[in-house]
Amino acid sequence: MKILVTYDIPREPFKNLPTDWEITFPEGEKLTKEEIIRMLPEYDILLAIFSRPIDKEIIDAGKKLKLISNYGVGYNNIDIQYARKKGITVCNTPESVCDPTAELCMALLLGIARRIGEFDRRIRTEREGMWGVMKNLGYGLRGKTLGIIGMGHIGQNVACKAAAFGMNILYYNRKTEVPGYKKTDLDSLLKESDFISIHTPLTEVTHHLIGERELGLMKKTAFLINTARGAVIDEEVLSRFLEKRQIAGAALDVFEREPHITELLYSLDNVILVPHIGTATYDGRIAMAQEALDNIRNYLNGKPTNVVN
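Residues numbered from 1 in each chain as written. Predicted model: local features only at pLDDT ≥ 70, side-chain atom pairs only at ≥ 80, totals over all residues. Heavy atoms only, no water.

A. A look at the UniProt feature "domain: D-isomer specific 2-hydroxyacid dehydrogenase catalytic" (unreviewed entry) in the protein chain. Using the residue numbers shown here, the UniProt feature "domain: D-isomer specific 2-hydroxyacid dehydrogenase catalytic" (unreviewed entry) corresponds to residues 20-309. For residues 20-309, the end-to-end C-alpha separation is 28 Å, with 36% helix and 15% strand making up the annotated structure. (UniProt positions renumbered as here; feature names shortened; annotations may be inferred. Helix = DSSP H or I, 4+ residues; strand = E, 2+ residues; numbered from the N terminus.)

Listed below in structure tokens is the structure:
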């Protein structure tokens with residue numbers, strides 16, 4: 001069984017593999033698309049990564065390919081329907097990403113509510129001029145309403161953490177009913193929430209789910225947090241709303257055209273920008289590698305897990 005790994009991910013989980021397995025890691029940070037296409041015909045399994053596209057051209061190169069194990073919960077980087085048409089199973093890592101992503105979401109929520117990023121930048125130049133009892137005011141969380149768009153594993157994890165801060169939880173989800181929290185429609189959530197956090201996958205349905213109409217429904221004092229996928233929000237429209245203070249602020253881990261960010265966002269004080277670090281903890285990265293490997297083992301044992309196509 002030959003496994004091709006496209007990115008230099010933690011090696012710890014891959015120790016003590018079966019002797020009849022052959023696994024190849026990139027010599028540098030990652031394999032290029034050309035290298036994947038050249039090498040893949042000899043391999044049975046591809047271990048891909050959430051940030052690198054696996055398109056029809058790559059899938060067609062996998063003459064012996066049976067499984068794509070994606071390192072990440074998002075799988076919009078893979079043409080899953082074409083993989084299915086070719087008889088190739090695709091799976092993801094939904095469990096290992098929950099805690100680190102939910103923790104970052106809360107960090108961003110707290111950071112934008114209390115203006116931490118803004119004040120960190122300003123104090124380096126304003127120094128003693130920053131102090132003042134009625135200066136530097138932000139917003140507390142207790143009693144505020146958090147609207148969660150997408151109440152899957154990560155959304156529920158965030159809800160649990162936010163409830164510990166005394167927040168009221170609303171959620172919008174197309175299918176799942178989650179006991180203990182109030183489900184509502186999207187428009188009502190946008191109108192009623194003080195903070196809105198996005199946790200839905202990127203699909204044809206959710207692309208630009210939050211656009212001009214939706215942002216216009218939000219309170220002017222509301223904040224938007226996105227740790228899901230950038231293109232769920234129309235980034236150009238969001239930047240204009242932030243510039244005009246039509247909403248209070250935003251905290252973004254993901255962007256529509258990563259690594260490119262809409263230029264206007266760089267100049268705004270009411271937005272926190274971080275470079276897609278939702279799962280970027282040492283233990284999180286190891287856990288993701290372990291879950292991706294477990295998916296491979298389970299598939300080969302005839303009990304596939306986390307299949308998305």
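B. Geometry of the UniProt feature "domain: D-isomer specific 2-hydroxyacid dehydrogenase NAD-binding" (unreviewed entry) in the protein chain. Those residues carrying the UniProt feature "domain: D-isomer specific 2-hydroxyacid dehydrogenase NAD-binding" (unreviewed entry) are residues 106-278 in this numbering. Overall, residues 106-278 shows 33% helix and 16% strand. The separation of its end C-alpha atoms is 11 Å.

C. Focus on the nonpolar core. By size, the foremost hydrophobic cluster in this structure holds 48 residues, and its most contacted members are Ile9, Leu146 and Phe195. Counting only domains with at least three residues in this core, you end up with domain 1 (2-96 + 281-301) and domain 2 (97-273). Counting residues in hydrophobic clusters, the runner-up holds 28 residues, among them Leu209, Leu215, Leu242 and Leu265. (Core = buried A, V, L, I, M, F, W, Y, C linked by side-chain atoms within 4.5 Å. Buried < 20%, exposed > 50% of the residue type's maximum accessible area, 1.4 Å probe, protein only. Domains from an automatic or database assignment.)

D. Broad picture of the pattern of salt bridges. Taken as a whole and judged by the stated rule, the model has 18 salt bridges. With its nearest N and O atoms 2.9 Å apart, the salt bridge here joins Asp187 to Arg213. Linking Asp187 in helix α7 (residues 186-192) with Arg213 in helix α8 (residues 212-217), this pair joins segments that are 26 residues apart in sequence. For Arg213, the salt bridge goes to Glu214, with nearest N and O atoms at 3.3 Å. (Salt bridge = Lys/Arg side-chain N within 4 Å of Asp/Glu carboxyl O.)

E. Region of interest: the environment of Val237. Checked against the element boundaries, Val237 lands in helix α9 (residues 235-243). On the basis of relative accessibility, which here comes to 7%, the residue Val237 falls in the buried class. In sequence terms Val237 and Thr145 are 92 residues apart; their C-alpha atoms lie 24 Å from each other. In this structure Val237 touches Gly211, Glu212 and Leu215, once residues within four positions along its chain are discounted. (Contact = heavy atoms within 4.5 Å.)

F. Expanded view of helix α11 (residues 282-300). The end-to-end C-alpha distance of α11 is 28 Å, a good match for the 27 Å that 19 residues give at a rise of 1.5 Å each. Residues of α11 that are buried make contact with β1 (2-5), β3 (45-49), β4 (67-71) and β5 (89-91). Positive backbone phi, approximately 80°, marks Gly302, located one or two places after α11. (Expected span 1.5 Å × (residues − 1).)

G. Inspection of the side chain of Asn70 at higher detail. By the secondary structure assignment, Asn70 is in strand β4. By relative accessible area, which is 0% here, Asn70 ends up buried. Apart from the residues lying within four places of it in its own chain, the contact partners of Asn70 are Ala48, Ile49, Phe50, Tyr75, Asn77, Ile78, Cys91, Asn92 and Thr93.

H. Geometry of the packing of aromatic side chains. All told, the structure shown has 3 aromatic pairs when counted by the stated rule. With a centroid separation of 5.7 Å and 70° between ring planes, the pair formed by Tyr139 and Phe223 is classed as edge-to-face. Here Phe223 lies in strand β10 (residues 223-226) and Tyr139 lies in the loop between α5 (116-126) and β6 (145-149), a separation of 84 residues in the sequence. The class for Tyr139 is partly exposed, based on a relative accessible area of 37%. Classification of Phe223 as buried rests on a relative accessible area of 5%. With 5.3 Å between their ring centres and 15° between their planes, Phe195 and Phe223 make a pair best called stacked. Separated by 28 residues along the polypeptide, Phe195 in strand β9 (residues 195-198) and Phe223 in strand β10 bring together distant segments of the chain. Each residue in the set Tyr139, Phe195 and Phe223 is aromatic and connected to the rest through ring pairs, giving one cluster. One cation-aromatic arrangement involves Lys2 over Tyr43; the distance from NZ or CZ to the ring centre is 4.7 Å. For Arg11, the ring lying beneath its charged end belongs to Phe25, and the centroid distance is 3.9 Å. (Phe/Tyr/Trp six-rings, centres within 6.5 Å; stacked < 30°, edge-to-face > 60°. Lys NZ or Arg CZ within 6 Å of the ring centre and 35° of its normal.)

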